[in-house]
Amino acid sequence: MDFTPYRWYLRGRAVRVTLPLLFCFILFGIAGSANQNLYGSLSPERYLTGKFDPSKEPLFVLVGSLGIPTDKRKHYLRKEAAYALRELYRAFRSDHPGVPFWIRSATRNWHTQKVIWENKWYGRRLVGGKRLTAIANPIDRALKILEYSSMPGTSRHHWGTDFDINELRNRYYDSGNGAVVYRWMKRNASRFGFCQPYTPGRESGYQEERWHWSYRPLAKFYLGDWKRMMQQNPRWLEQLGPFAGFEDAVKLAPRYVESINAACQ
Ligand SMILES: [Zn+2]
């Protein structure tokens, strides 16, 4: 008696069973590792809201250690973003050997953002040459800060993907070295994965910021997850801890996080 067709039948069944199983394992493996790479040992909530210290997280690297110029402070970025930024910087430097390019801010955690917010809220730092304590209505005061600064828990600077270059004034980029840098960035940054989230002409959100750039390959996931968190629990930001004016300000958060240049979505 010849059993060959029966063996073929069995082998066919084995292939039909093992292939989908193998596919599932690979898929879960990729999903698992992607998740691991996005948040490391941190929970998505903590990561997205900057409740961590980037200098202690292995996913982050000191920007200055990669040969990228910075100001005197220590700035951290996610390794993927920092390596891409190093390539961008080398390309810029080869096109414009004498034009300054430096990082003046990168990852900022919840506490740093709280200090920035509260310095403006309490008038310790002037906004447009004025003390905001002159604005009694808390919503109006928050809106004034939100022209250029995020409230804690809502800044893209928490994500390790975003950084500020050279000068924090749009006019700097109108002429001279600033214009060279900005023109080059607009033309070339996307080749390295970077985009400008706060462009002019958007319907709402922060004002134009020519100095702020973002590493989209990672940031797009954080933006998606931030929105999901907000949908699942609209009060999640309030649970992180208070900051000046938070009772009124947190309601404004989604508008600012979500109103970005389409190239960064
Ligand atoms: Zn910024």
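Our structure's up above, just so we're on the same page.
Note that this is a predicted model, so its numbers are computed, not measured.

A.B. asks: Hey, could you run me through the overall build of the protein in this one?
C.D. replies: Of regular secondary structure, the protein possesses nine helices and six strands. By residue count, 34% of the 265 residues in the protein fall in the buried class. Here the analysis covers contacts within the protein between residues at least 6 apart in sequence; of these, 70% occur between residues at least 24 apart.

A.B. asks: Explain unusual backbone geometry here, please?
C.D. replies: Peptide bonds are, in most cases, trans, and in most cases residues other than glycine have a negative phi. Despite not being glycine, asparagine 166 has its phi angle at roughly 35 degrees, a positive value. Of the residues examined, asparagine 166 has 21 C-beta atoms within 10 Å and is grouped as buried.

A.B. asks: Is there a simple way to explain helix 5 (residues 138–145) in this structure?
C.D. replies: Helical geometry note: an α-helix holds 3.6 residues per turn, so side chains three or four residues apart project in the same direction. Turning to helix 5, its buried residues are Arg141, Ala142 and Ile145. Taken around the axis of helix 5, the buried residues stretch over an arc of 100 degrees, which confines them to a single face. At its buried positions, helix 5 is contacted by helix 4 (110–121) and helix 8 (246–249).

A.B. asks: Just checking my understanding: could you explain the nonpolar core for this structure?
C.D. replies: Where a protein is soluble and globular, its nonpolar side chains tend to be buried together. Formed by 58 residues in total, the largest nonpolar core has its most connected members in Leu77 and Leu85. The leading source of residues in this core is helix 3 (residues 79–95), at six residues. Beyond its immediate stretch of four places on either side in the chain, leucine 77 contacts Phe60, Val61, Val63, Ala82, Leu85, Ala106, Thr107, Gly160 and Phe163.

A.B. asks: Where do I start with helix 3 in this structure?
C.D. replies: Here helix 3 is 17 residues long and its end C-alpha atoms lie 24 Å apart, about the 24 Å a rise of 1.5 Å per residue gives. Where helix 3 is buried, its residues contact strand 1 (60–62), strand 2 (76–78), strand 5 (194–195), strand 6 (212–215) and helix 7 (216–232).

A.B. asks: Can you help me understand the sheet that holds strand 5 in this one?
C.D. replies: Strand pairing in a sheet relies on backbone hydrogen bonds, with the paired strands running either antiparallel or parallel. As summarised here, the arrangement of the four strands in space is 3-4-6-5, forming an open sheet in which the pairing is antiparallel. Looking along the sheet, the strands with just one partner apiece sit at the ends: strand 3 (103–105) and strand 5. Two strands pair when backbone bridges link them, and strand 4 (residues 162–165) and strand 6 are joined in this way by three bridges, in the antiparallel orientation. Note on strand 6: the bridge partner recorded for phenylalanine 163 is tryptophan 213.

A.B. asks: Sorry, what's going on with the environment of lysine 120 here?
C.D. replies: When you line up the elements, lysine 120 lands in helix 4. By the C-beta count within 10 Å, which is 23 here, lysine 120 ends up buried. Those residues in contact with lysine 120, other than ones at most four positions away along the chain, are Arg125, Val127, Leu132, Ile145 and Ser149.

A.B. asks: When you look at the pairing of strand 6 in this model, what are you seeing that I'm missing?
C.D. replies: Looking down a regular strand, the side chains alternate between one sheet face and the other. Sheet topology places strand 5 next to strand 6; two bridges connect them, and they run antiparallel. Within the sheet, the bridge partner assigned to phenylalanine 194 lies in strand 6 and is tyrosine 215.

A.B. asks: Got a minute to help me understand the pairing of strand 4 in this structure?
C.D. replies: In this sheet, strand 4 lies alongside strand 3 in antiparallel orientation, the contact comprising two bridges. When the sheet's bridge partners are listed, isoleucine 103 is paired in strand 4 with isoleucine 165.

A.B. asks: Please clarify how the environment of tyrosine 256 should be interpreted in this entry.
C.D. replies: With respect to the helices and strands, tyrosine 256 occurs in helix 9 (residues 253–258). For tyrosine 256, a count of 21 C-beta atoms within 10 Å corresponds to the buried category. Considering only alpha carbons, one finds tyrosine 256 and glycine 205, 51 residues apart in sequence, at a separation of 4.3 Å. Non-local contacts of tyrosine 256, meaning those with residues more than four positions away in its chain, are made with Leu146, Ser150, Thr154, Gly205 and Tyr206.

A.B. asks: Sorry, what's going on with the environment of lysine 186 here?
C.D. replies: Note on placement: lysine 186 falls in helix 6 (residues 176–188). Separated by ten residues in the primary sequence, lysine 186 and glutamine 196 have C-alpha atoms spaced 8.1 Å apart.

What counts, and where the lines are drawn
Residues numbered from 1 in each chain as written. Predicted model: local features only at pLDDT ≥ 70, side-chain atom pairs only at ≥ 80, totals over all residues. Helix = DSSP H or I, 4+ residues; strand = E, 2+ residues; numbered from the N terminus. Buried ≥ 20, exposed ≤ 12 C-beta atoms within 10 Å, placed from the backbone. Contact = placed C-beta atoms within 7 Å. Arc of directions from axis to C-beta. Core = buried A, V, L, I, M, F, W, Y, C linked by C-beta atoms within 7 Å. Expected span 1.5 Å × (residues − 1). Pairing = 2+ DSSP bridges.

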